[in-house]
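# Examination of the molecular architecture
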There are 4 protein chains.
Amino acid sequence: MLTYGMIGGGIGSYIGDVHMHGAEMDGKAKMVAGCFSRHAEKNEESAKYYHLEDKERIYQNYQEMAEKESVREDRIDFAVVATPNNSHFEIVKCMIEHGIAVMCDKPLAISVQEAEELERLAEKHHVKVAVSYGYTGYPVIRQARCMIEAGEIGSIIHVRATHVEDWVIESMPDEKPDRLPWRYDPKIAGDSLCTADLGTHAEQLLVQFTGLHVEKVISMTDRYPTYLSGETNTTVLAQLEGGASAMIWASQIAMGHACTPGIFVIGSKGALEWRHEDPDRLFYTPKGEPTRILEAGREYMTADSRRLTRVSAGHHEGFYEAFGNIYREFIADLEAESEGHTPEHMIYPTIRDGADGVRFVAACMKSSREGNIWVSLKEKD
Amino acid sequence: MLTYGMIGGGIGSYIGDVHMHGAEMDGKAKMVAGCFSRHAEKNEESAKYYHLEDKERIYQNYQEMAEKESVREDRIDFAVVATPNNSHFEIVKCMIEHGIAVMCDKPLAISVQEAEELERLAEKHHVKVAVSYGYTGYPVIRQARCMIEAGEIGSIIHVRATHVEDWVIESMPDEKPDRLPWRYDPKIAGDSLCTADLGTHAEQLLVQFTGLHVEKVISMTDRYPTYLSGETNTTVLAQLEGGASAMIWASQIAMGHACTPGIFVIGSKGALEWRHEDPDRLFYTPKGEPTRILEAGREYMTADSRRLTRVSAGHHEGFYEAFGNIYREFIADLEAESEGHTPEHMIYPTIRDGADGVRFVAACMKSSREGNIWVSLKEKD
Amino acid sequence: MLTYGMIGGGIGSYIGDVHMHGAEMDGKAKMVAGCFSRHAEKNEESAKYYHLEDKERIYQNYQEMAEKESVREDRIDFAVVATPNNSHFEIVKCMIEHGIAVMCDKPLAISVQEAEELERLAEKHHVKVAVSYGYTGYPVIRQARCMIEAGEIGSIIHVRATHVEDWVIESMPDEKPDRLPWRYDPKIAGDSLCTADLGTHAEQLLVQFTGLHVEKVISMTDRYPTYLSGETNTTVLAQLEGGASAMIWASQIAMGHACTPGIFVIGSKGALEWRHEDPDRLFYTPKGEPTRILEAGREYMTADSRRLTRVSAGHHEGFYEAFGNIYREFIADLEAESEGHTPEHMIYPTIRDGADGVRFVAACMKSSREGNIWVSLKEKD
Amino acid sequence: MLTYGMIGGGIGSYIGDVHMHGAEMDGKAKMVAGCFSRHAEKNEESAKYYHLEDKERIYQNYQEMAEKESVREDRIDFAVVATPNNSHFEIVKCMIEHGIAVMCDKPLAISVQEAEELERLAEKHHVKVAVSYGYTGYPVIRQARCMIEAGEIGSIIHVRATHVEDWVIESMPDEKPDRLPWRYDPKIAGDSLCTADLGTHAEQLLVQFTGLHVEKVISMTDRYPTYLSGETNTTVLAQLEGGASAMIWASQIAMGHACTPGIFVIGSKGALEWRHEDPDRLFYTPKGEPTRILEAGREYMTADSRRLTRVSAGHHEGFYEAFGNIYREFIADLEAESEGHTPEHMIYPTIRDGADGVRFVAACMKSSREGNIWVSLKEKD
């Protein structure tokens, strides 16, 4: 059983619960430490909520956690970072420097400079860092990856990836509000609103599904309600490594779509399609044949996909279980490392992916600002 | 935090995991005792798997658990029964007699006589018994119940409830196998195959969704593969209390349908429809108006339904979370009892529902045997 | 080019238009005669509406049409009967006796006695009679029939066929109306409301899709609004020839379902499913494999199905075109007859099917009246 | 009854049939003249196929038709142009100059210069020219237009319009074929393959649905199979008049999608969505409320939409009927003109729309060629 400490994610925090459920779903990890809030009282209440038994391991802040945990015999195996975006950099940096593996909520950081420094540090210190792009954990997404790697749809020609929601337009008043929550404050959340919130999910869905990375982008953004400082709808044209093209769409104002990531991949020999509305199914069209509906957990699925399924076919798994799969792979990787071997076909969003996500957002913002021109993810801002 | 002991559900048991996840999902209950298997070694391994810390509370059998737990200061608050069907009666009886509340896997028992004895005993001993019909735990099913109770679809005219799967036909060889698993053995699983396995889920879905009970049935069954001793497809005509009619369909051979419970309710002022394929949505058609798609977690949902939603709208919850809601209600009921008050609008399948399920199956079997005649659920077999 | 005369279907008649479009869709038949109404003025206006050029062939009544047409050199090749239900018998009888082929709107007649007399007469006079069950004309229904005949789903075990609408509940006032339209008058429309209107469509969908006939039924009916004299919701258990079972559901009060025939067939080697909401697609699940979505007009479809498709794959065909296929087959059959050969795999609802439909409705009504007992379609009422 | 002459669309021509069915569906127009092919024999056979009775009105070529028809007492009311793309210009020009109204198959022309000359000529000669973008004829598209004009979704923020098919990838050999059909020859079909074939359908769907026009575009194209000379997949970013943004996607290689136009419009007060897979339904989400499914032909639909519905709600209408609606509006417009009044809310794709379609394709091609830069539809090529 691995142990972990949580930073942020205090009582009442939606994402803290999601991380805890994901991490502990398989009975392979247990929270033993935490610093949930800078407010002492809330910190204690949160520790109680999470049933932390050892008072000594309830820390005032992340630095204290890193320092004290890193020298304990029974030190935590990893830290979970569930704080607001602008603090990710310093926290992850501190954990890496203390040799503690990290599961960081997305985005990894709010600037490319920060993200790339973390990449360098993680490599230097040989510390594993994962970024929790939860939607990529569904078993049929692994199925698609396996099929693409096995050449079942031939070479990829074009990809459509989306992540559209409607929470901003549904929760914003029509008139300008007196005060906006911090999620809308560029100082805390970063310059980008929709692209950083959802566009990066779509981009990572593309990466984890196909195994391909984005090389350059043209981005067009919309801002509504207009009193917000950031964009709420982003459409991206992209070039992928190897020459395929892509369209990526993210929206926070797509009324009627509470949460609908999705992806459609056209290859030379067939196509694959997944929609989050129907998370257990993968639509596979071999060229010249009828579309097949592949269902998670069925015997005809690849072993790799079935490994990520907990319930019988037709019984749904949801957001918690998808998160659980990101953790399952990360934990297996940590275990394998500690046992000195390399795990087989283990896939989860790594620090490379997290940094790519930040580079993607920055490139999109630059393209929008500069008249919707091509911007490479390798360009320095 | 309540505590519980598990009976059955040993390592490798699919349903044991489901119960554990359901019970512990909200951090309000913890397994502290168990007797998972009659094989000492498997019992111990299972205890380890579930992280039972106190060796003394790993029991040889359910009688020992009942006797020893019932006299402990820190006695368990409830027992979870996850054993094969034919043992439910004796175990639940024993728990009731020792004053221990029970969450019993469905079916409650394999004969009406047994089920009704348990009903009488539970009442006599004032012990709460729940039956884990997991599919009824989805938040939109509570939404439907609220709307029906509020009169939004008027008086109910007709109901269609189904639970169809294909696991039997997909897993059975075309030729008669040398030996069948115990699930197909009438001595262990009971006389009925499909009706007891899935028909009772459809019947309880109807009950929990509408609040109405089944009064009498005509049942027609099919048996395929023909070497099985029990039916694998059941169609039921039913009369409900208050005069509405219903059709209930259960199947284990509905190829292409891995697990598709569903319900459609026609009232005098509107209709409601739910399909397990799309577990977060409820289709509501007010008379004379367009159909509306109600989504779990949206602000327009009733407080009672939103209370059962853990994630934001559009983020899926699956079988574990639905099970978690059955436990959430059961645990809240136990807590309320211990605090001496009555909880508000708490709904879960009770021992009455469990006994109804058994009566439903028995009536269906009798109707089929006797030429598809009407059989009342009140008839003694 | 064949010619035909229409009886009924005058201006403002919805079904007259549907028949005309169906008959003339392929440019192989042309209306040249008609008696559309007993009201001379409306009769003339209707003739104008349908562009009848020859005044002599606008008849006062069907008898006149039969007498005069049957002795013309250029006599009509067939008559279309689009009058209220209770007149079908006398009109079809008259046409048969004058040797004129008939396309009769469903139902063929309103009593079994009438239907069976027509069957006998048609055989005696060697006159072809078709009954326009329009929904059975979709190309994917022929695809299913071909696949079943080729053994692709093995032997049929169980069938579910439905035809549910909501037009009665949506158009009826909540309070009893002063006067009801003739469609609700049992003297004109027959005793049965929903079963004759829609149940027979579901039954014929089953017959044309599978090639199997219904042998006996148990029927349960509901009546709502209660001031109507006939049933508005019917659920039927059925035994089919060869031993398979079936469930047939028809409704006029299924709010949210404007018109949703559908069928699901379970065979020993696979299953087939069709829903009218998605009329161009057939869902095929071979045992042990993923469900395939077969689309009308695709190259992988059988020649027999593709023959019934007019547009490219993905381009919808609707009710007119489905009707057009019933006519296409009927016309080809008439042409083949006149050329002295037998056409290949030509399928349309014949007088046998029409009489079966009437027998089905009568058996359902009897079963409902007599306490939901089994009634054979061969029983005399 | 109006009369028309057809140019092209000879026997075996798929689109000729579609035009004839569309034009004659409502019994308001009849083909009386035609020049179907330059091959005399095929011309005559086609005339027979279409039942042209008057031999004198079977013409050798379109010039002859224009000259002779324009001086007849009973001259045709309009001409239907169903020839290959590169001949549209000269034929439409000739008809306009002879004062004959035109229904031209899309695209109006293969260059902007041609299209704009036709626009000028049509205005100068006061001749009505329609362009048959058939998919825009579905009744729910008119419903959407009515709702948008009535302000029901507020001001439009963003639009997604698509038209994706898979016919090219499904019909092309993997290896380069010896000879390609004329549809792939840029001299006959124009420079653009996919954008002209399908992109312009998506663009016109956007225009007819929202009432807004495209002002400028960035376009990215893919070419597969690579031996083709034109693009087979096009993604477009667009600015619309009034400031909304749009994404338009057209594909000929979207395997699994035989023909799936679709549109999603986000307004400040609600959203509207339509998918061709489900052509009779419109999804309407008012801000803060559940999505409603609006169905063609229901009583709650606008009078304007119901006017375009021929069958009862739930009964499908397909491609023929959608085409029939384009013709219905065009014919009503011609009739109104001849009667000297202006018809109410009559909408069909006019010569302005046809020329916009050509400008859209040209701008997309230029943007792709020049590195995916913004190109205005007003720019001269």
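Up top you'll find the structure we're talking about.
None of the values given here were measured: they were computed from a predicted structure.

## What to know about helix α4 (residues 88-97) of chain D
All names here are of chain D. For α4, the tally of buried residues reaches 7 of 10 residues, placing the bulk of the element in the interior. Of the surrounding secondary structure, the elements contacted by the buried residues of α4 are β1 (2-8), α3 (62-69), β3 (78-82), β4 (101-104), α5 (112-125) and β5 (129-131). G99, located one to two residues past α4, shows a positive phi value of around 70°.

## A closer look at the relation of the copies chain D and chain C
Once chain D is rotated about the relating axis by 180° and shifted along it by 0.0 Å, it coincides with chain C to within an RMSD of 0.0 Å. Classification of the inter-copy transformation places it as that of a two-fold axis. Across chain D, the rotation axis passes nearest the C-alpha of G318 of chain D, at a separation of 2.5 Å. Mapped onto chain C, 100% of the interface residues of chain D again fall at the interface, so both copies present the same surface.

## Here we look at the interface of chain C and chain B
Counting from both sides, the interface comprises 41 residues of chain C and, opposite them, 41 residues of chain B. Buried area between chain C and chain B, both sides added, is near 3,200 Å², and the carbon and sulfur share of it is 64%. Linking chain C with chain B are 2 salt bridges, by the criterion used here. K287 of chain B is the partner of D174 of chain C in a salt bridge, and the nearest nitrogen-oxygen pair spans 2.6 Å. There are 17 residue pairs in polar contact (both at pLDDT 80 or more) connecting chain C and chain B. Mapped onto the side of chain C that touches chain B, the elements with two or more residues apiece are β6 (156-165), α7 (167-171), β7 (214-222), β8 (233-240), β9 (245-251), β10 (259-267) and β11 (270-275) of chain C. Among the residues making up the side of chain C that touches chain B, the classes are represented as 18 nonpolar, 16 polar and 7 charged.

## With respect to the sheet that holds β3 of chain D
The pairing of strands in a sheet happens through backbone hydrogen bonds and is either parallel or antiparallel. Residues and elements named next belong to chain D. Here 5 strands make up an open sheet; going across it, the order is β2-β1-β3-β4-β5 and the pairing parallel. The open sheet has two edge strands with one neighbour each: β2 (29-35) and β5. Taking the axes of each pair of neighbouring strands and ignoring which way they run, one obtains an average angle of 25° across the sheet. Pairing of β3 with β4, which is carried by 4 bridges, proceeds in the parallel orientation. Counted as the bridge partner of V80 is M103 from β4.

## As for the interface of chain D and chain C
Contacts between the two partners involve 34 residues from chain D, matched on the other side by 34 residues from chain C. Across the chain D-chain C interface, the total number found is 2 salt bridges. In this structure, the salt-bridge partner of D166 of chain C is R298 of chain D, at a minimum N-O distance of 2.9 Å. Contributions of two or more residues to the side of chain D that touches chain C are made by α1 (14-24) and α11 (319-339) of chain D. Among the elements that make up the side of chain D that touches chain C, the one with the highest residue count is α11 of chain D (3 residues). Each residue belonging to the side of chain D that touches chain C can be placed in one class, and the counts come to 12 nonpolar, 11 polar and 11 charged.

Conventions adopted
Residues numbered from 1 in each chain as written. Chains lettered and ligands numbered in written order. Predicted model: local features only at pLDDT ≥ 70, side-chain atom pairs only at ≥ 80, totals over all residues. Heavy atoms only, no water. Buried < 20%, exposed > 50% of the residue type's maximum accessible area, 1.4 Å probe, protein only. Helix = DSSP H or I, 4+ residues; strand = E, 2+ residues; numbered from the N terminus. Contact = heavy atoms within 4.5 Å. Least-squares fit on C-alpha atoms with pLDDT ≥ 70 in both. Buried area = accessible area lost by both parts, 1.4 Å probe. Salt bridge = Lys/Arg side-chain N within 4 Å of Asp/Glu carboxyl O. Polar contact = N/O pair within 3.5 Å; in protein donor to acceptor, adjacent residues only side chain to side chain. Nonpolar A, V, L, I, M, F, W, Y, C, P; charged D, E, K, R; others polar. Pairing = 2+ DSSP bridges. Axes fitted to C-alpha atoms, helices over the stretch in contact; angles between N-to-C directions.

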